Amino acid sequence: MKNKANSLWLLAMIFLPTGAVMGQSGSSGSNILIYSLIAVAVLIFFYLLVQVADNLLAIEARQSGSQRKGVNYGIFPRISEIFAPKLPSFVEDSPVTVLKRGHNILLQGEAAARIDESVEAQTFAVQPFNFKGIAPIPKMLVEVGAEVKAGDPLFFDKANPEIHYVAPVSGEVIAINRGAKRAISEVVILADKTQKYRSLNAPDPASASREDLVKFLMDSGAWPLIKQRPFNLLADPAETPRDIFVSTFDSAPLAPDQNFVVQGREAAFRKGIDVLSKLTSGKVYLGLNAKSASVPSKAFTESNAEVRWFYGKHPAGNVGIQIHHIRPIGPKDKVWTLGVQEVITLGALFTENRFNAERIVALTGAELKDPVYVRTSIGANLGELLKDNLKAENTRMITGDVLSGRKSGPEGFLDFYDDQVTVVEEGDYYELFGWLLPIEPRPSISNSFPNFLFPNLKFKANTNSHGERRAFVVTGQYEEVLPMDVYPQALMKSILNGEFERMEGLGIYELVEEDVALCEFVCTSKQPLQQILRQGLEMMREQG
Amino acid sequence: MKKSLLNFFKRIEPDKKKSPFLHTAYDAFFTFAFTPNTTTKGGVHIRDGMDLKRLMVQVVLALQLCYLYGTYNIGQQHFEALGMYGGFFEGFHLKLFHGLIKILPIFIVTNVVGLGIEFWYSAKRGHAVEEGFLVSGALIPLIMPPDIPLWMLGLSVAFAVILGKEAFGGTGMNIWNVALLSRVFIFFAYPTFISGDEVWVSDIHKIKDIGYQSVQYGWAHHFFDWIFSGFGWSTFGNGAQSVIDGYTGATPLALAAKGGWDNVLNVYSTHQMWWGDIPGSIGETSKPLIILGALYLVFTKIADWRIMVSMVLGCTFMGLIMNGMAPDQITADTENIFKFMAVPWYYHFYMGSFLFAMAFMATDPVTAASTRPGKWVYGFLIGAVGLIIRVWNPAYPEGWMLAILFMNTFSALIDNVVLNANMKRRQKRTAAVSS
């Protein structure tokens with residue numbers, strides 16, 4: 001801070017004399033234009049002089065051996081530094097990426113920071129459609145009635161028979177449900193009272209070769225935990241990713257606090273990071289929250305990964321945004337991403353020698369009596385998780401958050417990559433002059449609502465679309481909430497027009513659905529941006 | 001109450017197949033009264049409370065002060081020409097009702113024609129009525145002279161909506177600003193009704209051999225006279241009065257084009273021009289009220305401040321250049337164009353419709369550039385080109401309408417340059433990362 005103040009003072013000292021010169025010329029001259037031009041020229045001259053000197057200073061600093069990136073060696077503060085937010089002390093001197101754009105949707109029903117151990121789900125399901133890129137009818141390895149242990153393979157994709165999709169819990173396979181076109185939608189397991197695990201033979205990640213590790217991960221069922229960008233597909237075992245990215249905070253509405261989630265499982269997380277660093281030719285990057293109220297868990301700050309700090313509103317916690325600011329994805333790049341709990345499961349393979357599908361899931365939403373965290377496993381049944389916790393009938397259960405989650409119901413199951421369940425009110429009612437004089441407060445980024453007077457007000461949102469779909473009219477709205485060098489509206493239009501080169505050029509590879517979810521939320525024209533983006537991604541994928 | 005209203009609406013719903021037009025119209029009014037009960041499907045589960053209806057209505061709201069003062073000013077200018085009721089509150093009711101008699105038909109014709117076409121096209125296409133014309137219909141009356149013949153207005157609105165908007169696919173698809181298209185139609189088809197010195201003050205006509213005179217008042221004026229006399233207030237009378245000496249009806253711009261800033265000051269004070277006590281298009285005269293509307297739009301983020309600021313910058317830049325090129329000594333023999341160029345750049349904001357165009361026309365998001373850097377360029381060029389047309393083109397008295405339509409045409413091109421730069425930047429970035 002002191003450094004900054006000093007620099008400002010220097011800046012003032014240099015420009016004060018020029019100011020005095022300007023003042024004199026203004027008072028004595030008759031032709032304002034000529035004199036103001038001279039004044040501008042003098043200013044520019046001084047500015048250039050100072051800039052050259054300043055850059056020489058920076059070059060000198062680099063030459064004398066300083067290696068730190070992103071640090072300002074000049075005597076002047078950068079403009080971004082003058083307006084930089086006050087960072088918490090735990091960030092120390094690390095460079096922080098400050099993301100100005102974004103919006104936090106504050107909703108009621110945040111999960112209390114405790115685990116309700118009394119909540120137990122009995123049925124769990126693996127849902128093939130959770131894994132993007134595999135055939136809708138995978139080859140089944142079990143039948144209804146079979147007894148399975150946690151970690152036993154249930155099915156595989158014919159294109160990649162080595163990747164096993166395994167049971168998250170031990171128990172009896174009670175149903176194999178099929179959806180449209182006979183696609184397998186759910187493999188349902190009724191869990192045993194005491195869990196039995198398939199014993200694994202985990203190699204030592206420090207000494208094992210990359211091939212052995214990949215083979216072990218595919219066989220143990222941990223491979224589907226890894227996702228690959230672009231396209232957000234299942235990771236391709238034939239690829240060596242450029243880098244691996246893990247975001248250690250979730251900024252979505254009501255999202256679980258990952259510092260809380262990782263508690264007690266730090267060792268598994270660190271082990272997971274160690275394993276991942278063997279899988280990539282580059283580095284493993286962790287995105288950390290410089291805006292969090294609490295100190296980030298030591299599991300994140302003291303692991304063997306590259307740490308990057310981010311300060312900003314949602315979607316700063318999205319791994320896609322972080323990749324864009326760390327090392328953006330090009331058309332030929334492949335990077336892998338994982339969530340915190342996926343890394344924990346991956347690490348537990350090696351620390352516990354078993355497939356531990358445990359998930360700390362946040363039950364959230366204004367329609368819950370007791371929003372709280374629960375301890376369960378991948379694919380838990382929603383109805384059982386939310387038993388006796390619902391306030392009203394007419395609600396929507398969402399696996400995931402309200403922006404990019406999937407609509408489900410009491411018979412539905414938690415999606416494979418989700419660690420959150422949200423319950424919101426269905427807004428299927430007419431509202432008299434709802435567009436003009438809304439009675440109930442509702443989240444919005446528009447200042448035409450009095451929301452700006454109550455910046456900390458938490459909303460009880462419902463699923464009403466608040467208007468009908470229209471053509472794109474407003475511009476600049478998406479940019480306001482997307483902290484990336486991307487023009488979302490131009491990109492969406494190029495997708496709708498099927499212009500491949502433009503889609504690639506405008507950065508479709510850098511985006512997945514969750515990144516544009518906030519843009520979709522704010523859209524005045526109520527356009528389905530996530531759907532349009534997926535359509536574009538599929539088109540690009542088919543083109544190869 | 002809400003329930004019975006809803007039930008009533010549901011009972012009178014026309015059949016969609018049998019009478020599509022009626023159903024479209026019904027749907028427009030129903031969704032006006034009730035936000036539909038549709039819920040989100042796929043994608044996000046909650047939506048922002050803002051929709052296009054609300055957005056458009058905010059613009060209409062921001063225009064209300066201009067409407068109020070515009071209505072008053074029609075009467076004010078009329079009576080000022082006759083040398084009557086000089087003070088602001090003198091004959092207030094007469095000025096207001098004279099204004100209403102002028103502006104209401106304009107408003108009604110604009111919206112009946114525009115909305116009628118919009119409803120008809122929506123019914124044809126089988127989709128809901130889009131809200132675009134809510135704003136166009138509020139803007140068009142404000143940019144017309146008070147004496148515009150109604151058939152001409154209806155024709156121009158039909159032209160703008162059919163060829164300017166529906167031909168391109170409706171709201172959100174148009175290339176040119178719909179309100180300005182309707183004005184430019186009259187401007188080129190019937191130039192004498194929207195330019196010159198005779199059209200800006202209502203109901204004052206030049207009669208051969210006699211000169212300027214107010215017209216004979218019609219039944220509407222007589223009707224209000226009957227009411228006013230009941231209250232014992234002053235009345236309109238019969239009309240056909242002659243104007244005060246030295247009346248020209250010219251706007252400040254016309255005066256400036258003929259003799260520079262001194263010539264303007266001979267007739268109007270800067271104070272008058274700032275507060276809007278001058279003849280002109282109905283809504284454009286009062287600068288503070290327009291600025292209030294503009295600030296509201298900026299605050300609600302409906303209009304982009306970048307366009308407004310860059311437009312002011314562009315106009316200032318061009319004004320400074322013109323000031324620099326103008327000769328130092330202005331004499332009576334100096335060419336008029338040099339006198340106009342010598343008008344100090346800041347006084348250009350006092351004359352004409354710069355602020356109105358800046359606040360409500362250039363910022364139309366559909367026709368403006370859509371990228372942030374593009375908006376800076378777009379606004380700056382409107383400011384610069386508009387002033388060039390205003391000062392250097394002797395045929396057109398005002399420049400903003402043409403400058404905005406001109407830049408509307410190029411906004412896609414500006415965006416394209418910005419997007420190409422973005423694509424190049426991305427290529428460089430990823431190439432640097434991959435290597």
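The structure we're discussing is the one just above.
Reading guide: rules and limits
Residues numbered from 1 in each chain as written. Chains lettered and ligands numbered in written order. Predicted model: local features only at pLDDT ≥ 70, side-chain atom pairs only at ≥ 80, totals over all residues. Heavy atoms only, no water. Phe/Tyr/Trp six-rings, centres within 6.5 Å; stacked < 30°, edge-to-face > 60°. Buried < 20%, exposed > 50% of the residue type's maximum accessible area, 1.4 Å probe, protein only. Lys NZ or Arg CZ within 6 Å of the ring centre and 35° of its normal. Helix = DSSP H or I, 4+ residues; strand = E, 2+ residues; numbered from the N terminus. Contact = heavy atoms within 4.5 Å. 1 Å grid on protein atoms, 1.4 Å probe; cavity = no way out; pocket = protein on both sides within 12 Å on 5 of 7 lines; lining within 4 Å. Points joined across faces, edges and corners; volume = space filled by probe spheres on them. Nonpolar A, V, L, I, M, F, W, Y, C, P; charged D, E, K, R; others polar. Buried area = accessible area lost by both parts, 1.4 Å probe. Salt bridge = Lys/Arg side-chain N within 4 Å of Asp/Glu carboxyl O. Polar contact = N/O pair within 3.5 Å; in protein donor to acceptor, adjacent residues only side chain to side chain. Core = buried A, V, L, I, M, F, W, Y, C linked by side-chain atoms within 4.5 Å.

### Section: the packing of aromatic side chains
Here the structure, examined in full by the defined rule, presents 63 aromatic pairs over all chains. Measuring from centroid to centroid gives 4.9 Å for B:F88 and B:F89, while their planes differ by 85°, and the two rings are edge-to-face. In this structure B:F88 comes out as partly exposed when scored by relative accessible area, which is 44%. On the accessibility criterion, B:F89 (64% relative accessible area) is exposed. Each ring, one from B:F187 and one from B:F188, has its centre 5.3 Å from the other, and the planes form 85°; the classification is edge-to-face. For B:F188, a relative accessible area of 48% corresponds to the partly exposed category. Through pairs of rings, three or more aromatic residues link up here, namely B:F79, B:Y85, B:F97, B:Y217, B:F223, B:F224, B:W226, B:F228, B:F231, B:W233 and B:F236. Geometry around A:Y417 places A:K227 over its ring, the cationic atom sitting 4.2 Å from the centre. Above the ring of A:Y197, the side-chain terminus of A:R354 is found at 4.3 Å from the ring centroid.

### Considering the side chain of A:S444
If you trace the backbone, A:S444 turns up in the loop between β21 (431-432) and α11 (477-481). Leave out the neighbours within four places in its chain, and A:S444 touches A:H103, A:F449, A:N451, B:D48, B:G49 and B:M50.

### Remarks on empty space enclosed by the protein
In the structure shown here, the tally under the stated rule is nine cavities of 30 Å³ or more. Taken as a whole, the largest cavity encloses approximately 310 Å³ of empty space. Residue lining of the largest cavity: 24 residues in total, with B:M56, B:G132, B:V135, B:D364 and B:P365 positioned closest to the centre. Those elements giving two or more residues to the lining of the largest cavity turn out to be α3 (52-62), α6 (132-142), α8 (178-189) and α15 (354-361) of chain B. With four residues, α6(B) is the single largest residue contributor to the lining of the largest cavity. Here the lining of the largest cavity is built from residues that sort into 15 nonpolar, seven polar and two charged. When its volume is computed, the second largest cavity comes out at roughly 70 Å³. Lining the second largest cavity, in full, are A:E440, A:P441, A:R442, A:P443, A:K460, A:A461, A:N462, A:H466, B:I46 and B:R47. Partitioning the lining of the second largest cavity into residue classes produces four nonpolar, two polar and four charged.

### Here we look at the interface of chain A and chain B
Each partner contributes to the interface: chain A provides 79 residues, whereas chain B provides 64 residues. Regarding the contact of chain A and chain B, the summed buried area is about 6300 Å², with carbon and sulfur atoms giving 55% of it. Contact with chain B buries surface across chain A, with A:Y430, A:W435 and A:R470 losing the most and accounting together for 16% of the total. Where chain A packs against chain B, one counts eight salt bridges. Salt-bridge contacts for A:E480 lead to B:K301; the nearest nitrogen and oxygen are separated by 3.3 Å. Our count for the chain A to chain B interface comes out at 40 residue pairs in polar contact (both at pLDDT 80 or more).

### A short note on unusual backbone geometry
All names here are of chain A. Of note, the bond from R229 into P230 is cis; its omega dihedral lies within 30 degrees of zero at -5°. Secondary-structure assignment places P230 in the loop between β10 (227-229) and β11 (233-234). H314 connects to P315 through a cis peptide bond whose omega is 10°. At H466, a residue that is not glycine, the phi angle is positive and equals roughly 50°.

### Examining the nonpolar core
Residues B:M351, B:F356, B:F360, B:M361, B:Y378 and B:I382 are the most contacted members of the largest nonpolar core, which totals 96 residues. Counting 80 residues, the second-largest nonpolar core is a separate cluster that includes A:V166, A:L286, A:V372 and A:L386.

### Things to note about the layout of surface pockets
Residues and elements named next belong to chain A. When its volume is computed, the second largest pocket comes out at roughly 1300 Å³. Lining the second largest pocket are 49 residues, with K227, N232, S404, D418 and E514 sitting closest to its centre. Of the residues belonging to the lining of the second largest pocket, the class tally is 13 nonpolar, 20 polar and 16 charged.

### Description of the pattern of salt bridges
Tallying each qualifying case throughout the model produces 41 salt bridges over all chains. One salt bridge connects B:K53 with A:E468, and the closest N-O pair in it is separated by 3.7 Å. Taken as a pair, B:K53 in helix α3 and A:E468 in the loop between β21 and α11 lie in two separate chains rather than in one. Here B:K53 falls in the buried class, since its relative accessible area comes to 7%. Of the charged contacts in the structure, one is a salt bridge between B:R47 and A:E520, with a shortest N-O distance of 3.8 Å. Highlighted residues: B:R47 in the loop between β1 (34-35) and α3 and A:E520 in helix α14 (residues 513-522), drawn from two different chains. Look at A:E520 and you get buried, because its relative accessible area is 2%. Each of A:E117, A:R265, A:E358 and A:R375 takes part in one network of salt bridges that share partners.

As far as function goes, none of this settles anything; it's purely spatial.
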